[in-house]
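Listed here are the chains, written in short residue letters.
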Amino acid sequence: VLQLLRGIQRGSEDRKSSLGRLRWALQNKETQQKFVRLDGSIRMLIGLFTSSLADMQMEAARCLHELSHSSDPAVAEACLPVTSYLLTYLSGHSVEFTELCLYTLGNLIVESEAVRKQLLPQGIIPVLASCIQSPHETVLEGLGYILSQLLQAKEAPTEIVPLVLDSVLPQHMLRMVCSGLKAGTGAAVEFAWCLHYIVCSHTANTVLLSLGALPALASLLLDMASEIPQGAPEGLELLVCPVLRCLSNLLAEETGCEGQIQDERLLIALFLILQSFFQQHPFMVQECLWLLNNLTADDPFFCSALLSLDLLPALLQLLPCSQMAGVLVLTVLCNVAEKGPTYCQQLHHQPALPLLLPTLALPDPKVVGQCLELLHLLFLHCPEAAADFVRQGGHRALEQNQSTPELQERVQVLLDMVRQPLGATTFGSCHAALSSFS
């Protein structure tokens, strides 16, 4: 490496070849660390990176890109002097050169807080905002990558997200995510994750809602679901996942948002996505159920649609998928049951009880506990469900959980409820039961 460095510094005729060999050598972790410790090494690369010779510029950019892959913060910090030049060259003379600069910056941002703190005063956000107008998919994908790295930094909520929100980036990201199915999903996936990180900062929801994020993302979800019967393109789950999360988080943070997307087709889309990705990408079950939970948590519209569209059997089939899936399915059913007697009667008539009984026998206290919550709501609002539960041997299933310490009190409340004569539940006993389950 020292010989290559000396050869490059002397300006020998095979300088480009030496740079190529140096780039190959810098793929090694130890070589990266040794290189940045050599006196004048980074200064030499910067000199070539800023030269007027395009081929030398490109080779130097490739060497810097290899250095940026280092997981050693000392290597990233040694590259601090080059960051201002990388920003300047984002409006470079070739797509490949711009792409290299973007990914080099993105890699350095991951490893070093010092790099991030230097880039913000240098105006990285306005520079990135200007890049989003690029017609090139590879540049946009690189831009999405660097933004996602910035937005995942620990200081993002206070220092980075406000700058992003003050720029044109959110509306452009939203537009490009929503056109992702037509324009190719690479950049759309990156920007969808960027939107997710922005939403998770809890400071951006008003801005995103004012841009129409909820109806736009809901419409995209419908479009993606409609693609599935024709054969979903490979990697579509990478776009579906952050879109589901964005919708879930926006709904969780803002009450009354459900009214912006009251479209029962959204539930059909969710179950189509579940059916399509269930086998190959089981993590999507949890993502879909989180959104379904947040849709049904407050607004009765989606609770009614879940029942009227006869989606309850498909929902109950997800109970045994995993612990989290089981808890979420039961939570969604609790959301429905909380809406009162009419909803509980429909759950009872669907019928839900035969599928709930095996859940009580599971060895998982969290799933069983959520099942007890659901049964409590059903018995409270629909006494005939309690009578049917006893006829199906449900009281014996309850008694099996009396030895579980964290479930004992709730089990006893339910046993007291099912032992009462049909219609004998009084306001006082309902109040006592509610206290036990609060």
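A quick note: this is a predicted structure, and the numbers were derived from the prediction, not measured. Note on numbering: residues in each chain are counted from 1, in written sequence order. With pLDDT at 70 or above as the cut-off, local features in this predicted model cover only qualifying residues; side-chain atom pairs require 80 or more to be listed or tallied, and sums for whole chains, interfaces and linings still use all residues. The basis for the side-chain values is all heavy atoms of the structure; hydrogens and waters are excluded.

1. Considerations on the overall build of the protein chain
Note on conventions: DSSP H or I runs of at least 4 residues are helices, E runs of at least 2 residues are strands, and numbering of each starts at the N terminus. Counting secondary structure elements, the protein chain contains 30 helices and zero strands. Radius of gyration here uses only the C-alpha atoms, and the compact-globule reference equals 2.2 Å multiplied by the residue count raised to the power 0.38. Relative to its length of 438 residues, the protein chain is extended, with a C-alpha radius of gyration of 29 Å against a globular reference of 22 Å. Taken along the three principal axes of its C-alpha coordinates, the protein chain extends 100 × 40 × 40 Å. For the protein chain, buried positions account for 53% of its 438 residues. Note on contacts: a residue pair is in contact if any heavy atoms of the two residues lie within 4.5 Å. At a minimum sequence separation of 6, the contacts of the protein chain that also span at least 24 residues come to 72%. Total accessible area computed for the protein chain in this model is approximately 19,000 Å², and 53% of it derives from carbon and sulfur atoms. Of the charged side chains in the protein chain, 24 are positive and 41 negative, and the gap between their average positions amounts to 11 Å. Relative accessibility thresholds used throughout: buried, under 20% of the residue-type maximum; exposed, over 50%; partly exposed, between the two (1.4 Å probe, protein chains only). Shrake-Rupley sampling with a 1.4 Å probe provides the accessible areas, and residues are treated as covered by the protein chains on show and by no other component. Counted as positive: Lys and Arg. Counted as negative: Asp and Glu. His and the chain ends are not counted at all. To locate a charge, the coordinates of NZ of Lys, CZ of Arg, CG of Asp or CD of Glu are taken.

2. Considerations on the domain arrangement of the protein chain
Taken as a whole, the protein chain is organised into domain 1 (1-122) and domain 2 (340-437). How far each domain reaches was decided by an automatic or database domain assignment. Its C-alpha centre places domain 1 at a distance of 66 Å from the equivalent point of domain 2.

3. Quick look at the packing of aromatic side chains
Any two of the Phe, Tyr and Trp rings considered here, Trp counted by its six-membered ring, make a pair once their centres fall within 6.5 Å; the pair's planes then place it as stacked at under 30 degrees, edge-to-face at over 60, or tilted in between. Overall, the coordinates contain seven aromatic pairs when judged by the stated rule. Here the aromatic cluster, defined as three or more aromatic residues joined through ring pairs, consists of F49, Y89 and F97.

4. So, unusual backbone geometry
Within the chain, D310 stands out as a residue other than glycine whose phi angle is a positive 60°. Looking at the element boundaries, D310 is found in the loop between α21 (300-308) and α22 (312-316). Look at D310 and you get partly exposed, because its relative accessible area is 49%.

5. A look at helix α11 (residues 137-151)
To estimate the expected span of a helix, subtract one from its residue number and multiply by 1.5 Å. Taking 1.5 Å as the rise per residue, α11 with 15 residues should run 21 Å; its terminal C-alpha atoms sit 21 Å apart, in good agreement. With 12 of its 15 residues buried, α11 lies for the most part within the structure. Every buried residue of α11 is accounted for by V139, L140, G142, L143, G144, Y145, I146, L147, S148, Q149, L150 and L151.

6. So, the environment of L306
Turning to its location among the elements, L306 is positioned in helix α21. Each C-alpha atom of the pair L306 and P351 lies 14 Å from the other, and the pair is 45 residues apart in sequence. Residue contacts for L306: discarding those within four places in its chain leaves L267, F271, L292, L311, L312, L315, V332 and V336.

7. Some remarks on the pattern of salt bridges
The term salt bridge refers to a side-chain nitrogen of Lys or Arg lying within 4 Å of a carboxyl oxygen of Asp or Glu. Applying the stated criterion across every chain, the model contains 11 salt bridges. Of the charged contacts, one joins E59 and R62 as a salt bridge, the two residues approaching to 2.9 Å between their closest N and O atoms. Placement of the pair is E59 and R62 together in helix α5 (residues 54-68), with a separation of three residues, close to one helical turn. Given the relative accessible area of 21%, R62 is considered partly exposed. One network of salt bridges, in which partners are shared, links R23, E59, R62 and E96.

8. So, the environment of A156
Following the sequence through the fold, A156 ends up in helix α12 (residues 156-165). Between the C-alpha atom of A156 and that of V329, which follows or precedes it by 173 residues, the distance is 33 Å. Once residues within four sequence positions are removed from consideration, A156 is found in contact with L150, L151, V161 and P162.

9. Quick look at the side chain of T359
Tracing the sequence through the fold places T359 in helix α25 (residues 353-360). If we skip the residues at most four places from it in the chain, T359 touches L319, L330, V367, V368 and C371.

10. Focus: the confidence of the model for the protein chain
Scored from 0 to 100, pLDDT records how confident the predictor is in each individual residue. Of the residues in the protein chain, 91% have a pLDDT of 70 or more, and the chain-wide mean is 86. Below pLDDT 50 for its whole length, residues 422-438 participates in 22 contacts with residues either more than four positions away or in separate chains.

11. Regarding α21
Those residues of α21 that fall on the buried side of the exposure criterion are F302, C303, A305, L306 and L307. The secondary structure elements touched by the buried residues of α21 are α19 (265-277), α20 (283-296), α22, α23 (323-337) and α24 (341-349). Any N or O atom pair separated by 3.5 Å or less is treated as a polar contact, with the protein-specific requirement of one donor-capable and one acceptor-capable atom, and with residues adjacent in sequence counted only for side-chain atom pairs. Where α21 starts, the residue carrying a side-chain oxygen 2.9 Å from the main-chain nitrogen of F301 turns out to be D299. D310 lies just past α21 and shows a positive phi near 60°.

12. Overview of the packing of helix α15 (residues 185-200) against helix α18 (residues 236-253)
Simply put, an axis is a line fit to the C-alpha atoms, just over the touching stretch for a helix, and the angle between two N-to-C directions goes from 0 to 180 degrees. Relative to each other, α15 and α18 sit at 25°, their axes nearing to 9 Å. As summarised for this structure, α15 and α18 are arranged roughly parallel, according to the angle between their axes. Once α15 is placed against α18, the crossing between them reads as left-handed. Two secondary-structure elements touch here, α15 through T185, A188, V189, A192, W193, L195, H196, V199 and C200 and α18 through L238, L239, C241, P242, R245, C246, N249 and L250. Just so you know the grouping, Ala, Val, Leu, Ile, Met, Phe, Trp, Tyr, Cys and Pro go in nonpolar, Asp, Glu, Lys and Arg go in charged, and all remaining residues, Gly too, go in polar. Of the residues belonging to the contact of α15 with α18, the class tally is 13 nonpolar, three polar and one charged. Roughly parallel means an angle under 35 degrees; roughly antiparallel means over 145; roughly perpendicular covers 65 to 115; every other angle is labelled oblique. Handedness of a crossing is defined here by the sense of rotation of the near helix relative to the far one, left-handed for an anticlockwise turn of less than a right angle and right-handed for a clockwise turn.

13. Thoughts on the state of the cysteines
The disulfide criterion is simple: two cysteine sulfur atoms within 2.5 Å. All told, the structure shown has zero disulfides when counted by the stated rule. Here C200 is not cross-linked by a disulfide; its sulfur's nearest cysteine counterpart is in C246, at 7.6 Å. Distance from the sulfur of C382, which forms no disulfide, to the nearest cysteine sulfur (C344) is 6.6 Å.

14. Structural notes on the environment of L86
Mapped onto the elements, L86 comes out in helix α7 (residues 83-88). Along the sequence, L86 and I46 sit 40 residues apart, while their C-alpha atoms lie 9.9 Å from each other. Those residues in contact with L86, other than ones at most four positions away along the chain, are F49, C101, T104, L105 and L108.

15. Re the packing of helix α17 (residues 213-227) against α19
Contact geometry of α17 with α19 gives a least axis separation of 9 Å together with a crossing angle of 50°. As the angle between them shows, α17 and α19 are arranged oblique. Here α17 and α19 pass one another in a crossing that is left-handed. From α17, A218, L221, L222 and A225 reach across to α19, where they touch R265, L266, A269, L270, L272 and I273. Classifying every residue of the contact of α17 with α19 gives nine nonpolar, no polar and one charged.

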